[in-house]
Amino acid sequence: MKHKLAPLLFVLLCVSPSFAQRKDFELPSMHAARGTKGALASGSDYAEEAGMRTFFHGGNAVDAGVAAMFAAAVSEFSHFGMGGEAPILIRTKAGKVYAIAGVGPMPKLASAKFFMEHRPRPGEILTLDPGGLKGIIPVAGILPALVPSMVESGLVALREFGTKSFSEEIEPAIELADGMAIDEMRSGSIARSRRFFDLWPDSKKTFLPDGRVPLPGEIFRQPNLARTLRGMAAAEKKALAAGASRAAAIDAVADFFYRGEIAHRIDAFSQANGGLLRYEDMAAFKLQPEEPISSDYHGYKVYKPGFWTQGPAMLQALNILEGYDLKSMGFNSVEYIHTVTEALKLAYADRDTYYGDPKFNNIPADTLLSKAYAAERRKQIGRTASMDFLPGTINGKIGKHPTEMDIARTKIDDALMASDTTCIDAIDKDGIVFSATPSGSWLPSVIAGDTGIPLTERAQQFILVPGSPNELAGGKRPRVTLSPTIITEGGKPFLALSTPGGDNQEQSLIQLFFNVIDFGDNAQAAVEAPRFQTRHLVSSFDNHAWNRGDLLLDERIPPNIGAELAARGHKVGTRSRWASGAAPVMIRVTPDGVIEAGADPYGYRVANAY
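Residues numbered from 1 in each chain as written. Predicted model: local features only at pLDDT ≥ 70, side-chain atom pairs only at ≥ 80, totals over all residues. Heavy atoms only, no water.

(A) Quick peek at the sheet that holds strand 12 (residues 433-436). Reading across from one edge, 4-3-12-11-2-20 is the order of the 6 strands in this open sheet, with antiparallel pairing throughout. Every other strand in the sheet has two partners, leaving strand 4 (97-100) and strand 20 (606-609) as the edge strands with one partner each. Each strand axis lies, on average, 10 degrees off the axis of its neighbour in the sheet, ignoring direction. Examined bridge by bridge, strand 3 (residues 88-91) and strand 4 share 4 bridges and lie antiparallel to one another. When the sheet's bridge partners are listed, isoleucine 88 is paired in strand 4 with isoleucine 100. (Pairing = 2+ DSSP bridges. Helix = DSSP H or I, 4+ residues; strand = E, 2+ residues; numbered from the N terminus. Axes fitted to C-alpha atoms, helices over the stretch in contact; angles between N-to-C directions.)

(B) Expanded view of helix 19 (residues 371-378). Along helix 19, the residues that are buried comprise Tyr373, Ala374 and Arg377. Take helix 19 and look down its axis: the buried residues cluster within an arc of 100 degrees, on one side only. Those residues of helix 19 that are buried lie in contact with helix 15 (312-321), helix 17 (334-354), helix 18 (365-368) and strand 9 (393-394). (Buried < 20%, exposed > 50% of the residue type's maximum accessible area, 1.4 Å probe, protein only. Arc of directions from axis to C-beta. Contact = heavy atoms within 4.5 Å.)

(C) Main features of the environment of glycine 323. For glycine 323, the position within the fold is in the loop between helix 15 and helix 16 (326-329). Separated by 51 residues in sequence, glycine 323 and alanine 374 place their C-alpha atoms 9.1 Å apart.

(D) Up close: the packing of aromatic side chains. The full count for this structure, using the stated rule, is 25 aromatic pairs. Ring geometry for tyrosine 258 versus phenylalanine 285: centroids 5.7 Å apart, planes at 50 degrees, classification tilted. Taken together, the residues tyrosine 258 in helix 12 (residues 246-258) and phenylalanine 285 in the loop between helix 14 (279-283) and strand 7 (293-297) connect sequence positions 27 residues apart. Each member of the pair, tyrosine 258 together with phenylalanine 285, is buried. For the ring pair phenylalanine 331 and phenylalanine 519, a centre distance of 5.5 Å and an interplane angle of 75 degrees mean the geometry is edge-to-face. With phenylalanine 331 in the loop between helix 16 and helix 17 and phenylalanine 519 in the loop between helix 20 (505-517) and helix 21 (523-528), this pair connects stretches of sequence that are 188 residues apart. Aromatic rings pair up to connect Phe77, Phe196, Phe197, Phe207 and Phe220 into one cluster. Sitting above the plane of the tyrosine 98 ring, lysine 96 keeps its charged end 5.6 Å from the centroid. (Phe/Tyr/Trp six-rings, centres within 6.5 Å; stacked < 30°, edge-to-face > 60°. Lys NZ or Arg CZ within 6 Å of the ring centre and 35° of its normal.)

(E) How the structure looks around the sheet that holds strand 13 (residues 485-489). The 7 strands are arranged 1-19-18-14-13-8-7 in an open sheet whose pairing can be described as antiparallel. Bordering the open sheet on either side are strand 1 (33-35) and strand 7, each of which pairs with just one other strand. Each strand axis lies, on average, 20 degrees off the axis of its neighbour in the sheet, ignoring direction. Inspection of the sheet shows strand 8 (residues 300-304) paired to strand 13 by 4 bridges, in the antiparallel sense. Bridging from a neighbouring strand, lysine 301 pairs with threonine 488 of strand 13. Here helix 15 sits on the sheet and contacts strand 7, strand 8 and strand 13; the angle it forms with strand 7, its principal contact strand, is near 20 degrees.

(F) View of the nonpolar core. Formed by 99 residues in total, the largest nonpolar core has its most connected members in Met82 and Ile190. In terms of residue count, helix 4 (residues 61-75) provides more of this core than any other element does, 11 residues in total. Aside from chain neighbours lying at most four places away, what touches methionine 82 is Phe70, Ala73, Pro148, Met150, Val151, Leu225, Leu229, Met232, Ile453 and Pro454. Within the second largest apolar cluster, 56 residues are counted, among which are Phe307, Leu321, Leu326 and Val340. (Core = buried A, V, L, I, M, F, W, Y, C linked by side-chain atoms within 4.5 Å.)

(G) Quick look at unusual backbone geometry. Leucine 443 connects to proline 444 through a cis peptide bond whose omega is 0 degrees. Here proline 444 is to be found in the loop between strand 12 and strand 13. Positioned with a positive phi, asparagine 332 is a non-glycine residue whose angle comes to about 50 degrees. Within the secondary structure, asparagine 332 sits in the loop between helix 16 and helix 17. For asparagine 332, a relative accessible area of 6% gives the class buried.

These results come straight from atomic positions and should not be treated as a statement about function.
Here's what the structure looks like:
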């Protein structure tokens, strides 16, 4: 038997570059999903089923992605809900890439002064210094709520780039709201949030039916949310019956949500419960597709959303790393991990210093994304780990990094720590690509009365530092971590990828990209491969902590690698593959036109193709 297996093993070693270069790395837990018509990768079985159902009924990649996103907003409420955010990138059949800025603004009533003087209330931080603490944006409750944006983002994507009606798209979500078998992840998240729900009766009624935590396998119902979704579908049908076009009927759904009944009910709830969100904030919110940003890397074009996200940090890191031969260093070698980590630290220092809402700031985008700037930054990478936060020089000046400023910091109760995000990517046979990072309204969330809609906690991504591009202000968007990605090769679709992970998103995605182009991985092997993460940055969440020199390695990275990195000055720690800080998905188009999808099994992600 051993003699029969030997030739097969020899063939595997010869045809699989990634296997050959990773002698100590186990095979992937599953094969990549492959097809010729389309593929979808997402955060859960429920979202996946909704998207694939849409594919099977003739929808394109945008239709599938939007259907999956609305289904995720209902079923993945531990990480994402209808009141949350959804930055989206879309590549059309003609090859044009667009971004949809699915992040709502802070209510007009909000100000930095208000939050500087605000004494945190129960359920906003939970762990308080004696006498209260000023200067912290609440991480939960009603005050960090932005204008809900994922609904508008999804509707704009559907109207401009999809083919289906909203009523068709929302069917799976309505079915899930009527009743779904709850899983371990959602049940556990409710259990951990139980104390918070005592403060918010509508949340308690939704998440603790009969006064107890729903157990895995039990049917979980959201009747108020189901009614809201049916009202949205009815608005479209009414418009169509009156002779409206498909686009105008989808706009009628947006009007019902943002300028009609739902907006008025959210306004009433907010006013009655000390919130800042008002009808006028909702009514003014409209999105249009916009230009993404991009950079070229060794023949690949990498697209990201703009400086209202952290997405440009990945492009900056790529520009810096373009000057190295990463492949020759070897997968997860000491030199490879050190070099990529140091480049990421420089990019994140710029993120923390220079990024913010472009509508409120003059972002030096051309400089930050230029190859010449990257070449100067590359000179700052040495053989040992830097313990400094080093923003770059812009127009002869170095910006002030937040660590040099007076930021109030306090411990955040574990039950209220940011619970992250989901991911949805789709590619179809016509080269249409959809990549989204939906998030916000995670548990513990405030349900806005009888609408069934959980409000987002995203305002915590602002900082209360005067003069910072990301300083909180009314009508302004926080600089978010949410960052979908589309990559083309020779103008043709190559990769769509996204991940949860907060500050870890760009770090994980850049490693997945290198896994494919430098180390020969397919989509599934790329997302399963061991990753590393630096926390040498200002956290975008909670109390905005930082950890100088901190470097976390996957448990599968050999101990001698960690020891050599520590000798170079990195503060090395290890963690389980089940707690990697990210859970990515990826779709790849092979040279033969096969559409190949992979999903991180250690984050319970899902991928399918047909």
